[in-house]
Amino acid sequence: MATLNLPAWGYGLRYRYGLFKQVITKEGQEEMAEDWLDKFSPWEIPRHDVVFPVRFFGHVEILPDGSRKWVGGEVLKALAYDVPIPGYKTKNAISLRLWEAKATAEDFNLFQFNDGQYESSAQLHARAEQICAVLYPGDATEEGKLLRLKQQFFLCSASLQDMIARFKERKADRVSGKWSEFPSKVAVQLNDTHPTLAIPELMRLLMDEEGLGWDEAWDITYRTVSYTNHTVLPEALEKWSQIVMRKLLPRHMEIIEEIDKRFREMVISKHKEMEGKIDSMKVLDGSNPQKPVVRMANLCVVSSHSVNGVAELHSNILKQELFADYVSIWPNKFQNKTNGITPRRWLKFCNPELSEIITKWLKTDQWTSDLDLLTGLRKFADDEKLHAEWAAAKLACKKRLAKHVLDATGVTIDPNSLFDIQIKRIHEYKRQLLNILGAVYRYKKLKEMSAEEKQKVTPRTVMIGGKAFATYTNAKRIVKLVNDVGAVVNNDPEVNKCLKVVFIPNYNVSVAEVLIPGSELSQHISTAGMEASGTSNMKFSLNGCVIIGTLDGANVEIREEVGEDNFFLFGAKADQVAGLRKDRENGLFKPDPRFEEAKQLIRSGAFGSYNYEPLLDSLEGNSGFGRGDYFLVGYDFPGYIDAQDRVDAAYKDKKKWIKMSILNTAGSGKFSSDRTIAQYAKEIWDIKPSPVA
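On a predicted model such as this, the values are computed, not experimentally measured, just so you know. (Residues numbered from 1 in each chain as written. Predicted model: local features only at pLDDT ≥ 70, side-chain atom pairs only at ≥ 80, totals over all residues. Heavy atoms only, no water.)

Asker: For this particular structure, what's the right way to read the overall build of the protein chain?
Answerer: What the protein chain contains, in helices and strands, is 28 helices and 21 strands. Relative to its length of 693 residues, the protein chain is compact, with a C-alpha radius of gyration of 27 Å against a globular reference of 26 Å. Principal-axis analysis of the C-alpha atoms gives the protein chain an extent of 90 × 65 × 60 Å. Looking at the protein chain as a whole, 55% of its 693 residues qualify as buried. A fraction of 72% describes how many contacts in the protein chain between residues 6 or more apart in sequence connect residues 24 or more apart. Approximately 30,500 Å² of the protein chain is accessible, and the part contributed by carbon and sulfur atoms is 53%. Of the side-chain charges in the protein chain, 94 are positive and 93 negative, and the distance between the mean point of each set is 3 Å. (Helix = DSSP H or I, 4+ residues; strand = E, 2+ residues; numbered from the N terminus. Rg over C-alpha atoms; globule rule 2.2 N^0.38 Å. Buried < 20%, exposed > 50% of the residue type's maximum accessible area, 1.4 Å probe, protein only. Contact = heavy atoms within 4.5 Å. Areas by Shrake-Rupley, 256 points an atom, 1.4 Å probe, with all protein chains shown as cover. Lys, Arg positive; Asp, Glu negative; His and termini not counted. Charge placed at Lys NZ, Arg CZ, Asp CG, Glu CD.)

Quick look at the structure:
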C-alpha cells in the first residue's frame, strides 16, 4: 500500500508474545513463549494522545427518548502504537497502528494492595495484560474462547473509534460534514471472520454515540465494510456462542439479532424463491437449542458490500458452494482478488544473487515494482550463459541454506542433491503426512536397491518445516514422525548419500528468507479445494523453484502462468473430492500397495517405538471421526509417487531443469502484491494514489 502511494492504515494488536517458539526434543514439538517485545522495539512510536475506551460485559439501558446505551461492566483503555511503513522508492509512508490494552490508575485498588491482597488489587490490570499477551491463545477451554472474543472486539472497537474520531476531525473542517460521506472517506476490509464484530460495533457507535437512526447507520456500515474470505476451513468460519456473546457484548447481540431479523424479512419479501434456504443463510443458528451460535461468515456476507476470495479457484468455490445461496440474491457482490507477495522482500532482499542476474539480463531493476517485466527472461530461457549464471546463483543459495540446516539441526546436507522443501503451518489438509509417507517409501526402496542401482538414483534432501498448533494432536504427531524418520535415514550409511530427511525447526519469515532461495522443488500438495490460495507457492516460483502440487488454490494460476511443462501436477481435482469421500464411505477405495508398504514400515517400529497408530488410523477405515482418510492421502499417494519419479528424471537433465527454473521466475509477474492491492484499491475501496510530492 505504501509503495503504491495509497492513503491507508493497518490495524492490529500489539502482542507481547508471538504464536510460540518451536523447540524440537525427543518428545517432538514443544512450545515456548516467543519474545516479540522482550527487547525494545525501535520502530514503534507510542501515541499517548490516542487512547479509546473499550467496554466488556455490562448491560443495555433504554433512555427516555427510546435510544439505547451500553453501560456498566469493565472498561479498558486502548493505547495506540504506530509503526511507520515506508514505501519503496517513494516519499510515502503509512502507519500500522497497533493497540495495547491498559487499565487505569483508578482501577488499581491501593487499599487492597496495602492490605496484602496483591492479586485482587490489580485484577483489571491483569485482565488487560491477557488481551495482548499471546497471538492466537488456545481456545479449547471456555476461558480461551472468551479471551479470543475479547481480543477480536478490542481490535475492532479501538480501530473504529479511531476512524470515526479522524473523520469527525476532518468533518469539522468541511462545509457539508454529512455522515453519509463516511463510506467515501473510510473503507474497512475485514481480514477473514476474526474482525466481524466491526459490523455491529460500527452500527453501535453510529446509533448510540452519534445519534443516527438504524437505516442511516446500516447504509453507512454496508457501504463501508468489505469482507475477504481466506479459507473454507470450519475453524476460520467462526461460530460464536450466542450465550457468551450476549454476556460479553450485550448491545452487539441486540444489533446482530436485528440484522438477522431484517435479513430474513428481506428474503421473504423480495426473494420468495429463497425462503426454503433461510435456515442455512441466517446469521443466528438455533438448530441446537443447547448451543445456539452466531455464524460470523454469514454476518459478514449479509453486512458487506463486497465479498472476495483470494484465488480464482477459491473464489469460484465460494460462489458455487459456500455462499451460493447469497449469490442468487446479490450476484454482483462477489469477486476474486488473487493473493500476491512483495518482490522487494521475496526476491530482491532475500536472493541478491538471483536479483543481480535478473537485473543484468533485463537491463533494468524496474522489475522490483513492475513484476510483469520478468516475462522478458523467457527469450533467454535457452541461453547457455544465463544457464551458467543461474546455476551459480542457485548453488550459492543452496550453500547458505545448508549452513542454516547445520546450525539449526546439526545435520550435514549435500548442496549437490535436489533440495525438496515444504514449509508451512502443519495441518492435515496441507498433507505433510503425504510428503513424509513418500519419503518413507523412498527410503524403503533405497534399502532394497543394490549399490549399482543406488548410483543411478537422484540424490534428494527432503526438508519439512512448520509449526503445529499447540492443541492440534495429529499435527504434532506429524512433526514427531518427520523427526523420527530423519533420525533413522540420516544415520543410515547405506542410504544417506541418496536421501536425507530434515525437519527445520521454528519456521518463520526469517527462516523462509533462507529456505526459499535455496529450494529447487517445493511441495504444495493440499487436498484440492481446501487451500484458499497459498502465498509461499508464489515465493518459491519467483525464486526459480519448480512446484510439485495439486490443482488447488493459487497453484492453478501459477501453473497457467509458468507453463504446464514447468509444474509437476498430480492428485484429485476439487470437484472430485466430495465424490471420492463418498466412495470411501461406501467401501469402494482400494489402497495402492505402495501406500500400504509405507504405513507398514512405520508400524514395524523402523523409526522408533513411538505409537503412531492414532495417526495411521486417521488414514484407515471408511468413515468416522479421525478415520476414513478425509484428506485423501491414500487416494493421491500413487499419483504423488509417480510425479516424484518424473521429478527425479527431470533433475538428471540439468539443462532442462535450469530452463524450468528460469521459466518459473519469468512467469511469476502476476503474483506481485502490487497487482493485488491495486485491484482492491480500484475495485473495492475506490481510492486513488496520493503521492507525496
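Once you've had a look at it, read on.
Asker: What am I meant to see in the UniProt feature "modified residue: N6-(pyridoxal phosphate)lysine" (unreviewed entry) in the protein chain here?
Answerer: As recorded in UniProt, the feature "modified residue: N6-(pyridoxal phosphate)lysine" (unreviewed entry) lies at K539. One can find K539 in helix α21 (residues 536-542). (UniProt positions renumbered as here; feature names shortened; annotations may be inferred.)

Asker: What is the right way to read the pattern of salt bridges from this model?
Answerer: When the charged atoms of two side chains with opposite charge come close together, those side chains can pair. One pass over the full model with this rule turns up 67 salt bridges. The residue E258 makes a salt bridge to K261 at a minimum N-O spacing of 3.8 Å. With E258 and K261 both in helix α9 (residues 250-270) and 3 residues apart, the pair spans about one turn of that helix. A relative accessible area of 36% means that K261 is categorised as partly exposed. Of the charged contacts, one joins E265 and K261 as a salt bridge, the two residues approaching to 3.5 Å between their closest N and O atoms. Residue E265 and its partner K261 are both found in helix α9; the two are separated by 4 residues, about one turn of the helix. (Salt bridge = Lys/Arg side-chain N within 4 Å of Asp/Glu carboxyl O.)

Asker: Help me understand the packing of aromatic side chains, please; the structure alone is not making it clear to me.
Answerer: The geometry of two aromatic rings is summed up by the distance between their centres and the angle between their planes. All chains considered together, the criterion is met by 27 aromatic pairs. Through successive ring pairs, a cluster of aromatic residues spans Y227, F263, F323, Y326, W330 and F334. Taking the ring centre of W330 as reference, the NZ or CZ of K333 above it sits at 3.6 Å. Across from the ring centre of Y630, 3.6 Å away, lies the NZ or CZ of R581, which sits over that ring. (Phe/Tyr/Trp six-rings, centres within 6.5 Å; stacked < 30°, edge-to-face > 60°. Lys NZ or Arg CZ within 6 Å of the ring centre and 35° of its normal.)

Asker: Can you help me understand the nonpolar core in this one?
Answerer: Across soluble globular proteins, nonpolar side chains show a tendency to be buried alongside one another. Within the largest apolar cluster, 79 residues are counted, with the highest numbers of intra-cluster contacts made by W99, F154, M245, F263, F323 and Y326. It is helix α4 (residues 142-173) that provides the largest number of residues to this core, a total of 10 residues. Grouped together as the second largest cluster of nonpolar side chains are 52 residues, A439, I478, I548 and A598 included. (Core = buried A, V, L, I, M, F, W, Y, C linked by side-chain atoms within 4.5 Å.)

Asker: Is there a simple way to think about a nonpolar patch on the surface in this case?
Answerer: Nonpolar side chains collect at one region of the surface, where F108, L110, F113 and Y118 lie side by side and expose about 390 Å² of accessible area between them. You can see L110 is positioned in helix α1 (residues 110-114). Relative accessible area serves as the criterion here: at 51%, L110 is assigned to the exposed category. (Patch = residues over 30% accessible without salt bridge, like charges linked within 9 Å, V, L, I, M, F, W, Y side chains within 5 Å.)

Asker: Is there a simple way to think about the pairing of strand β10 (residues 225-228) in this case?
Answerer: Strand residues, when the strand is regular, have side chains that alternate between the two faces of the sheet. Residues of β10 alternate between two faces, with V225 and Y227 on one and S226 and T228 on the opposite face, all of them buried. The pairing of strand β9 (residues 188-191) with β10 spans 4 bridges and is classified as parallel. Along β10, the bridge assignment pairs L190 with Y227. (Pairing = 2+ DSSP bridges.)

Asker: Looking at this model, I keep getting lost on the sheet that holds strand β11 (residues 239-241). Mind explaining?
Answerer: Pairing between sheet strands relies on hydrogen bonds along the backbone, with the strands arranged either parallel or antiparallel. The sheet built from 3 strands is open, its strands ordered β11-β13-β12 with antiparallel pairing. With partners counted over all chains shown, the strands left at the sheet margins are β11 and β12 (284-285), one partner each. With 2 bridges connecting them, β12 and strand β13 (residues 293-295) associate as antiparallel partners. Bridging from a neighbouring strand, D285 pairs with V293 of β13. Here helix α11 (residues 296-303) sits on the sheet in contact with β11 and β13, set at roughly 45 degrees to β13. (Axes fitted to C-alpha atoms, helices over the stretch in contact; angles between N-to-C directions.)

Asker: How should the pairing of strand β20 (residues 546-549) be read in this particular structure?
Answerer: A two-sided burial pattern is seen for β20, the buried positions comprising V546 and I548 on one face and I547 and G549 on the other. Here strand β19 (residues 521-524) runs beside β20; their pairing, made up of 4 bridges, is parallel. Along β20, the bridge assignment pairs L521 with V546. Considered for its hand, the β-α-β crossover made up of β19, α21 and β20 is right-handed. Where β20 lies against strand β21 (residues 567-569), 3 bridges are found, and the strand directions are parallel. For G549, the partnering residue across the bridge sits in β21 and is L569. (Right-handed = clockwise from strand over helix to strand, strands pointing away.)

Asker: Explanation requested: the side chain of H387 in the structure shown.
Answerer: Mapped onto the elements, H387 comes out in helix α16 (residues 384-409). Residue classification places H387 among the buried positions, given a relative accessible area of 8%. Sequence-distant contacts of H387, that is, excluding residues within four places in its chain, are made with A381, D382, K655, I658, K659 and I662.

Asker: What should I look at first to understand helix α3 (residues 123-131) in this one?
Answerer: A turn of α-helix holds 3.6 residues, and therefore any two residues three or four places apart point the same way. Residues L124, A128 and I131 constitute the buried set of α3. Each buried residue of α3 sits inside an arc of 50 degrees when the element is viewed along its axis, so together they form one side. (Arc of directions from axis to C-beta.)

Asker: Just to check I follow, could you spell out the packing of helix α7 (residues 214-224) against α9 for this structure?
Answerer: Working note: a packed helix pair is described by the angle between its axes plus the distance between those axes. Following both chains from N to C, one finds α7 and α9 inclined at 85 degrees, their axes separated by 13 Å at the closest point. Taken together, the axes of α7 and α9 are roughly perpendicular relative to one another. Across the interface between the two elements, W214, D215 and W218 from α7 touch I255, E258, I259 and R262 from α9. Of the residues that constitute the contact of α7 with α9, the class distribution is 4 nonpolar, no polar and 3 charged. (Parallel < 35°, antiparallel > 145°, perpendicular 65-115°, else oblique. Nonpolar A, V, L, I, M, F, W, Y, C, P; charged D, E, K, R; others polar.)

Asker: Any chance you could explain the sheet that holds strand β14 (residues 306-309) here in plain terms?
Answerer: Taken in spatial order, the 4 strands make up an open sheet running β9-β10-β14-β15, and their pairing is parallel. Strand pairing shows two members of the sheet lacking a second neighbour, β9 and β15 (334-336), which therefore form its edges. On average, each strand axis in the sheet is inclined to that of its neighbour by 25 degrees, with strand direction left out of account. With 3 bridges connecting them, β14 and β15 associate as parallel partners. When the bridges of β15 are listed, N308 appears paired with Q335. Here α7 sits on the sheet in contact with β9 and β10, set at roughly 40 degrees to β10.

Asker: Would you take a moment to explain helix α22 (residues 555-562) for this structure?
Answerer: Among the residues of α22, N555, E557, I558, R559 and V562 are the ones counted as buried. Of the surrounding secondary structure, the elements contacted by the buried residues of α22 are α12 (312-322), β19, α21, β20, β21 and α27 (654-666). In the stretch just after α22, G563 is the one whose phi turns positive, near 105 degrees.

Asker: Please clarify how a negative patch on the surface should be interpreted in this entry.
Answerer: A grouping of E312, D370, D372, E560 and E561 is seen on the molecular surface, where their side chains present a negatively charged patch. Take D372: it is sitting in the loop between α15 (352-362) and α16.

Asker: When you look at unusual backbone geometry in this model, what are you seeing that I'm missing?
Answerer: With glycine set apart, most residues show a phi of negative sign, and most peptide bonds adopt trans. Located in the positive-phi region is N5, a residue other than glycine, with phi close to 60 degrees. In this structure, R431 is a non-glycine residue whose phi angle is positive, near 60 degrees. Looking at the secondary structure, you find R431 in the loop between β16 (418-423) and α17 (432-448). Relative accessible area serves as the criterion here: at 0%, R431 is assigned to the buried category.

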